[in-house]
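# Structural description and commentary
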Protein chains: 2
Amino acid sequence: MKMSGGVEWSVHCLSLLASLPPDRTLSAKRLAEFHGIPAAYLTKHLQALVRDNILESIPGPRGGFRLSRATEQITLLDVVDAIDGKRPAFRCSEIRQRGPSALGSKCYRRPCGIAAAFANADAAWRGSLMNCTLSDLIAEIPEKVDPRQQKKSAAWLKKVLG
Amino acid sequence: MKMSGGVEWSVHCLSLLASLPPDRTLSAKRLAEFHGIPAAYLTKHLQALVRDNILESIPGPRGGFRLSRATEQITLLDVVDAIDGKRPAFRCSEIRQRGPSALGSKCYRRPCGIAAAFANADAAWRGSLMNCTLSDLIAEIPEKVDPRQQKKSAAWLKKVLG
DNA sequence: GGAGTGATACTCGGATATCTGGTGTCCGAGTTTTCGCGG
DNA sequence: CCGCGAAAACTCGGACACCAGATATCCGAGTATCACTCC
């Protein structure tokens, strides 16, 4: 079980986009350059974020992407749902309805106990992700990120925003 | 993000194995027949359970598989780890160490805040699975499974064990 | 009748194909900017 | 000097290859059983 690597890219990009002035944008090319990742593939994921109303895209020169909502209104769960899909990891294939001791389909109105247990775990996971907003992640940058890197990032931003 | 379908098969098989008398076994062929799933592929997953000391395998005629521990000592997390692997779904690729504003590798002793957030969610998920034992699942069978199916299962077991 | 022995049938176990989904890349549609020209 | 217009350059967006891991299968190694033979 592996989550798409695009989730990690997306969260880092959102964090960077949150640090630029209002109404300014960064193109997919710039975002990819900053993180050292392939631009074309990153674009694919950014489009998914646009579809879920997490980012806004501006076409043309001086265009690019910017946050569509306040950082407090963007949770990690939103990003995971947009990139990796909303379907749970465990999917009940109803094998209890197969085999020699199965009954008719009408006898299985109650959910399978095994599927329910995994649904609980999934809910706990989603709950944890839902409680972590982009704002929370940004708030802990000053204490967790090396000040020198913060300086370099700010300088890079100043240069490309020119 | 999708978990291996073998996890579902495994839990169902473990539940069935828990219901047979001590020192009796069921072969992979029988287990597959009961659940209506391909036997050869099921064998692959059962072998993984043997490797993690959840099942014991007996070779030869009248051989098969049986639980290696008490049902209270087998959690859903044990099964997931055995079948799907112990690696977390989110894997930090350390993209913070890449790009134009990165520093030397020695400056990243603290874990990435984003990875930490996902690690928390993963811990919540694992905690939920760890708290659900095979014994718990079996305990709720009488109230959740149609009595007719319980009858048919018992009859099938009696036949193949005969 | 009982014990020994060989063949047998059934089991697990690992090595081998196939296939879906994620990964990565490319080219086209659209829009804003910008440069040049004319008034 | 100012307004207009066309070309250009840069952007996003979706369509097209590639690759890894899961899915599915098969054949070989090993062992308890069973039948047969011999004592």
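Preceding block: the structure.
Below: a short report on this structure. The shown structure was predicted, so the numbers you read here are calculated from the model rather than taken from an experiment.

The two copies are related by a screw motion: chain B maps onto chain A through a turn of 180° and a shift of 0.0 Å along the axis, at an RMSD of 0.0 Å. These values place the two chain copies in the arrangement generated by a two-fold rotation axis. Looking at the rotation axis and the C-alpha trace of chain B, the residue lying nearest is Trp125 of chain B, at 2.5 Å. Here 100% of the contact residues of chain B are again contact residues in chain A; the copies associate through an equivalent surface.

The interface of chain B with chain A comprises 55 residues on the first partner and 55 residues on the second. Taken over both partners, the interface formed by chain B and chain A buries close to 5000 Å², and the fraction arising from carbon and sulfur atoms is 64%. Sorting the residues of chain B by area buried against chain A places Met1, Glu8 and Ile95 of chain B first, and these three jointly supply 16% of that buried surface. Across the contact surface, chain B and chain A share zero salt bridges. For the side of chain B that touches chain A, the elements supplying multiple residues, two or more each, are helix H1 (6-17), helix H2 (28-35), helix H4 (76-84), helix H5 (113-130) and helix H8 (147-161) of chain B. Considering each element in turn, the side of chain B that touches chain A owes the most residues, 12 residues, to H5 of chain B.

Moving on: the nonpolar core. Grouped together as the largest cluster of nonpolar side chains are 97 residues, with contacts concentrated most on Leu14, Leu49 and Phe118 of chain A together with Leu14, Leu26, Leu49 and Phe118 of chain B. Residues within four places of Phe118 of chain A in sequence aside, it is in contact with Phe90 of chain A together with Met3, Val7, Val11, Leu76, Val80 and Leu129 of chain B.

For DNA strand C, the set of nearby residues contains 23 residues, the closest of which are Ser4 of chain A together with Gln47, Ser57, Gly60 and Phe65 of chain B. Sugar plus phosphate: this is where 58% of the atoms of DNA strand C within 4 Å of the protein reside. Tyr41 of chain A places a polar side-chain atom, nitrogen or oxygen, 3.2 Å from a phosphate oxygen of DNA strand C. At the level of secondary structure, the elements contributing two or more residues to the surface near DNA strand C comprise helix H1 (5-17) and helix H3 (39-51) of chain A together with helix H3 (39-51), strand E1 (55-58) and strand E2 (64-67) of chain B.

Let's shift gears to the pattern of salt bridges. Residue and element names in this part refer to chain A. Inspection of every chain in the model, using the stated rule, returns 16 salt bridges over all chains. Its salt-bridge partner being Arg96, residue Glu94 comes within 2.8 Å of it at the nearest N-O pair. The buried category is assigned to Arg96, whose relative accessible area is 16%. Counted as one network, the salt bridges with shared partners bring together Asp23, Glu56 and Arg66.

A separate point is the protein's contact with DNA strand D. Residues in contact with DNA strand D amount to 24 residues; listed here are only the nearest, Gln47, Ser57 and Phe65 of chain A together with Ser4 and Tyr41 of chain B. Take the atoms of DNA strand D that sit within 4 Å of the protein: sugar and phosphate atoms are 57% of them. Within the side chain of Ser27 of chain A, a nitrogen or oxygen atom sits 3.5 Å from a phosphate oxygen of DNA strand D. In the environment of DNA strand D, a phosphate oxygen lies 2.9 Å from a nitrogen or oxygen atom belonging to the side chain of Ser57 of chain A. Of all the secondary-structure elements, those providing two or more residues to the surface near DNA strand D are H3, strand E1 (55-58) and strand E2 (64-67) of chain A together with H3 of chain B. With four residues, the single largest contributor to the surface near DNA strand D is H3 of chain A. By residue class, the composition of the surface near DNA strand D is 10 nonpolar, nine polar and five charged.

Here is what the cut-offs are and how they apply
Residues numbered from 1 in each chain as written. Chains lettered and ligands numbered in written order. Predicted model: local features only at pLDDT ≥ 70, side-chain atom pairs only at ≥ 80, totals over all residues. Heavy atoms only, no water. Least-squares fit on C-alpha atoms with pLDDT ≥ 70 in both. Contact = heavy atoms within 4.5 Å. Buried area = accessible area lost by both parts, 1.4 Å probe. Salt bridge = Lys/Arg side-chain N within 4 Å of Asp/Glu carboxyl O. Helix = DSSP H or I, 4+ residues; strand = E, 2+ residues; numbered from the N terminus. Core = buried A, V, L, I, M, F, W, Y, C linked by side-chain atoms within 4.5 Å. Buried < 20%, exposed > 50% of the residue type's maximum accessible area, 1.4 Å probe, protein only. Near = heavy atom within 4 Å. Polar contact = N/O pair within 3.5 Å; in protein donor to acceptor, adjacent residues only side chain to side chain. Nonpolar A, V, L, I, M, F, W, Y, C, P; charged D, E, K, R; others polar.

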